[in-house]
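Reading the structure
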Amino acid sequence: MQLFPCPFCGPRDETEFHYGGDAGNARPDGADVPIDRWAGYLYLRGNPKGSAHEIWVHMTCGEFFVMERDTVTHKVLSSAALGGEHAA
Amino acid sequence: MTRRYSALSLFKEGLAGQTGWKQAWRSPEPKPAYDAIVIGGGGHGLATAYYLARNHGIARVAVLEKGWIGGGNTGRNTTVVRSNYYYPESVELYGLAHRLYEGLSKDLNYNVMLSQRGMVNLCHSTAEMEVGARTVNAMQINGIDAELFSPEDVRRVAPIYNFSPDARFPVFGGIWQGRAGTARHDAVAWGYARAASRLGVDIIQNCEITDFVIEGGRCRGVQTTRGTIRADRIGMAVAGHSSVLAAKAGFRLPINSYALQACVSEPVKPILDTVVLSPGTGVYVSQSDKGEIVIGGGLDRIPSYAQRGNLPTLETVIAGLLEMFPIFGQLKLMRQWAGIVDVVPDSSPIIGPSPLPNLFLNCGWGTGGFKAIPAGGTLLANLLATGKHNDISRPFDLDRFATGRLIDEAAGSGIAH
């Protein structure tokens, strides 16, 4: 069992967390967003091999946060609360 | 020299002391240029090369594999072959694969050990039985064999299932596909490799793609750990690593990579002669010809490129297995492993041109690529040979994520990936 660091609760079991997608995938704004931009926002993913910036939710406390993680070694590199409206 | 496999050649070689067998496929040095390059020496890539040579007469083809052929998901799956899907587009695709599998051993002159032992998807409630009836009706309308099983029917094909009154996942019936079954996964890779090599295809192992050669906005070849290799038609069939290659080519895909685990028990005498899937536990199980109980379940919950898998998912799978078959509690697990699968939002594959001209995609099979190998190869070969879709591959183009015409098999047939 791997422990993930919730910025609010500290290290907790991986089963308490849920993956929420790429960090920094900002929702397009406005009435005339081109189709490709919407498709990119909704579906296209970086899916990096190695270091990844991801949104996660700690389901037991309900907080969303950004975790930097290596997708090969599964090592957690950093974990930070969401700042402002969008994740960096 | 014995090239063709048959009972007669086996007998003759027996008399000759097994000295005349020829190497199954050649291992040539890469040439500087080919008519077509296929990236990925798994089942889909090798099948693509074979059908390019056989169906389209294009044999100046290289298959480039970063490790050894069949060493990725082709060698890591649970070997189930089936076509019990919901939407007509999926039925065309997986139906083609299933039909080709039925003739594959003769076609390749290589025994892929297809065993059509049938598969039952269990239903654990009256609501699931209603959905099961809907699925069976859809399959029958689409011309795929399917039967709605009663609890007695399930008991007949899987008598060791937990039918006790206090079972957590009681059986209300099931969806039966009699033509489903298993095939020897390594033999599929080796059979396609041997047949493709005999038609002139170069199979080049330990050859990793480091970059694409892009000239005038088009893909004109690849840079590899064994030098630059040029071609004007390049297909990629690299499963969980599709996003990594896409990044080198300058585009993104609607894919997340996850580990999918499987495990086998020690070999035991024949006890389960069909494939059983329980949507309640998310576990599917069969018995290999060697006697091992082959166990698979759902995806790991964490996006990953690590080919090993995490413990919580394995625990869930084993707990589910023991709910289904308490008798297996006595078994020892012999091996556990994971493959990296390319998961797409609508659980359907991506087949078609990529955003980079001359580069074509065969990816997004998620947890179900093995059963589709003959179709994936046929369709990518057709794209590479003609540059155009046919009616079967067209619905699976990447453009469906912009047009919104998704083929949502997660909702349609209830598959988890």
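In every chain, residue numbers begin from 1 and rise along the written sequence. By the order in which they are written, chains take letters starting at A while ligands take numbers starting at 1. Only residues with pLDDT of at least 70 are given local features in this predicted model, and only at 80 or more are side-chain atom pairs given and counted; all residues enter the totals for whole chains, interfaces and linings.

Given 3.6 residues to a turn, an α-helix orients residues that are three or four positions apart in the same direction. All names here are of chain B. Of the residues making up helix 8 (residues 242-249), those classed as buried are Ser242, Ser243, Leu245 and Ala246. End-on, the buried residues of helix 8 take up no more than an arc of 160 degrees, which puts them together on one face. Two residues or fewer past helix 8, glycine 250 is found with a positive phi of approximately 90 degrees. Here exposure depends only on C-beta density: within 10 Å of a residue's C-beta, 20 or more other C-beta atoms make it buried, 12 or fewer make it exposed, and intermediate numbers make it partly exposed, the C-beta atoms being placed from the backbone. Comment: elements are numbered from the N terminus, with helices defined as DSSP H or I runs of at least four residues and strands as E runs of at least two. The arc in question is the one traced by the directions running from the helix axis out to the C-beta atoms.

So, about the packing of helix 2 (residues 43-56) of chain B against helix 7 (residues 185-198) of chain B. Residues and elements named next belong to chain B. Between helix 2 and helix 7, the least distance of the axes is 9 Å, while the angle of their chain directions is 30 degrees. Looking at the two axes, helix 2 sits roughly parallel to helix 7. Crossing angle aside, the handedness with which helix 2 passes helix 7 is left-handed. Where helix 2 approaches helix 7, its residues Gly43, Leu46, Ala47, Ala49, Tyr50 and Ala53 are matched on the opposing element by Val188, Ala189, Tyr192, Ala193, Ala195 and Ala196. With axes taken as lines fitted to C-alpha atoms, and helix axes fitted only over the stretch in contact, angles between N-to-C directions fall between 0 and 180 degrees. Note on terminology: angles under 35 degrees are roughly parallel, angles over 145 are roughly antiparallel, angles of 65 to 115 are roughly perpendicular, and the others are oblique. Each crossing is labelled by how the near helix is turned from the far one, with a counterclockwise turn of less than a right angle marking it left-handed and a clockwise turn marking it right-handed. In this description, a residue-residue contact is defined by the distance between C-beta atoms placed from the backbone, which must lie within 7 Å.

All names here are of chain B. Domain borders in the structure are assigned automatically or taken from a domain database. Domain assignment breaks chain B into domain 1 (28-108 + 185-254 + 346-412) and domain 2 (119-179 + 256-343). Its C-alpha centre places domain 1 at a distance of 28 Å from the equivalent point of domain 2. On the domain 2 side, the residues contacting the 24 residues of domain 1 number 27 residues. Taken together, the elements giving at least two residues each to the side of domain 1 that touches domain 2 come down to helix 3 (88-102) and helix 8. At four residues, helix 3 tops the list of elements feeding residues into the side of domain 1 that touches domain 2. Amino acids are sorted into nonpolar (Ala, Val, Leu, Ile, Met, Phe, Trp, Tyr, Cys and Pro), charged (Asp, Glu, Lys and Arg) and polar (every other residue, Gly among them). Here the residues of the side of domain 1 that touches domain 2 sort into seven nonpolar, 15 polar and two charged.

Another point: the confidence of the model for chain A. Caution applies to low-pLDDT parts of the model: their predicted coordinates are not meant to be read in detail. Confidence per residue, as judged by the predictor, is encoded in pLDDT with a range of 0 to 100. In this model, chain A carries an average pLDDT of 92, and 94% of its residues clear a pLDDT of 70 or more. Summarising per-element confidence for chain A, the mean pLDDT is lowest in helix 1 (residues 35-42) of chain A (94) and highest in strand 4 (residues 51-58) of chain A (97).

So, on to the nonpolar core. Note that soluble globular proteins tend to have their nonpolar side chains buried in a common cluster. All names here are of chain B. One nonpolar core equals one set of buried Ala, Val, Leu, Ile, Met, Phe, Trp, Tyr and Cys residues connected by C-beta atoms within 7 Å. Counting 128 residues, the largest nonpolar core has Ile37 and Ile39 as the members making the most contacts within it. If one sorts the elements of this core by residue count, helix 7 sits on top with eight residues. Inspection of this core shows a minimum of three residues originating in each of domain 1 (28-108 + 185-254 + 346-412) and domain 2 (119-179 + 256-343). For isoleucine 39, the contacting residues outside a window of four places in its chain are Gly45, Leu64, Ile209, Val222, Ile234, Gly235, Met236, Ala237, Val238 and Leu245.

Looking now at the sheet that holds strand 4 of chain A. Residues and elements named next belong to chain A. When DSSP finds at least two bridges between two strands, those strands are taken to pair. The sheet built from four strands is open, its strands ordered 3-4-5-6 with antiparallel pairing. At either margin of the open sheet sits one strand with a lone partner, and together these are strand 3 (17-22) and strand 6 (76-81). On average, each strand axis in the sheet is inclined to that of its neighbour by 30 degrees, with strand direction left out of account. Summarising the sheet, strand 3 and strand 4 pair through four bridges and their orientation is antiparallel. Bridge assignment links aspartate 22 to a residue of strand 4, and that residue is glutamate 54.

Moving on: the environment of B:Arg218. All names here are of chain B. By secondary structure assignment, the location of arginine 218 is in strand 10 (residues 218-224). Given 12 C-beta atoms within 10 Å, arginine 218 falls into the exposed group. Sequence separation of arginine 218 and asparagine 358 is 140 residues, and the distance between their C-alpha atoms is 6.1 Å. Contacts of arginine 218, omitting those with residues within four sequence positions, involve Pro357 and Asn358.

Residues and elements named next belong to chain B. Along the chain, serine 9 turns up in helix 1 (residues 7-15). Under the C-beta neighbour-count criterion, serine 9 is labelled partly exposed, with 14 such atoms within 10 Å. Taking C-alpha positions, serine 9 is 9.3 Å from tryptophan 21, a pair spaced twelve residues apart along the chain. Those residues in contact with serine 9, other than ones at most four positions away along the chain, are Thr2 and Arg4.

So, about the packing of helix 3 of chain B against helix 10 (residues 373-386) of chain B. All names here are of chain B. At their nearest, the axes of helix 3 and helix 10 sit 7 Å apart, and the two run at 110 degrees to each other. It follows that helix 3 is roughly perpendicular to helix 10 by the angle criterion. Only Ile373, Pro374, Ala375 and Thr378 of helix 10 make contact with helix 3, whose side of the interface consists of Leu93, Tyr94, Leu96, Ala97, Leu100 and Tyr101. Classifying every residue of the contact of helix 3 with helix 10 gives nine nonpolar, one polar and no charged.

Attention shifts here to the interface of chain A and chain B. Taken together, the 17 residues of chain A in the interface contact 20 residues of chain B. Sorting elements by how many residues they give to the side of chain A that touches chain B places helix 1 of chain A first, with three residues. For the side of chain A that touches chain B, the per-class residue count stands at seven nonpolar, six polar and four charged.

A few words now on helix 5 (residues 126-141) of chain B. Residues and elements named next belong to chain B. With 16 residues, helix 5 should cover 22 Å at 1.5 Å per step; its first-to-last C-alpha distance of 23 Å lies within 8% of that length. Residues of helix 5 that are buried: Met129, Gly132, Thr135, Val136 and Met139. Viewed along the axis of helix 5, the buried residues span an arc of 120 degrees, placing them on a single side of the element. Facing away from the buried side of helix 5 by over 90 degrees, the exposed positions are Thr126, Ala127, Glu130, Asn137 and Ile141. In this structure, the buried residues of helix 5 make contact with strand 4 (119-123), strand 5 (147-149) and strand 6 (173-177). Among the residues trailing helix 5, glycine 143 stands out with phi positive, at a value near 85 degrees. For a helix, the expected span equals 1.5 Å multiplied by the number of residues minus one.

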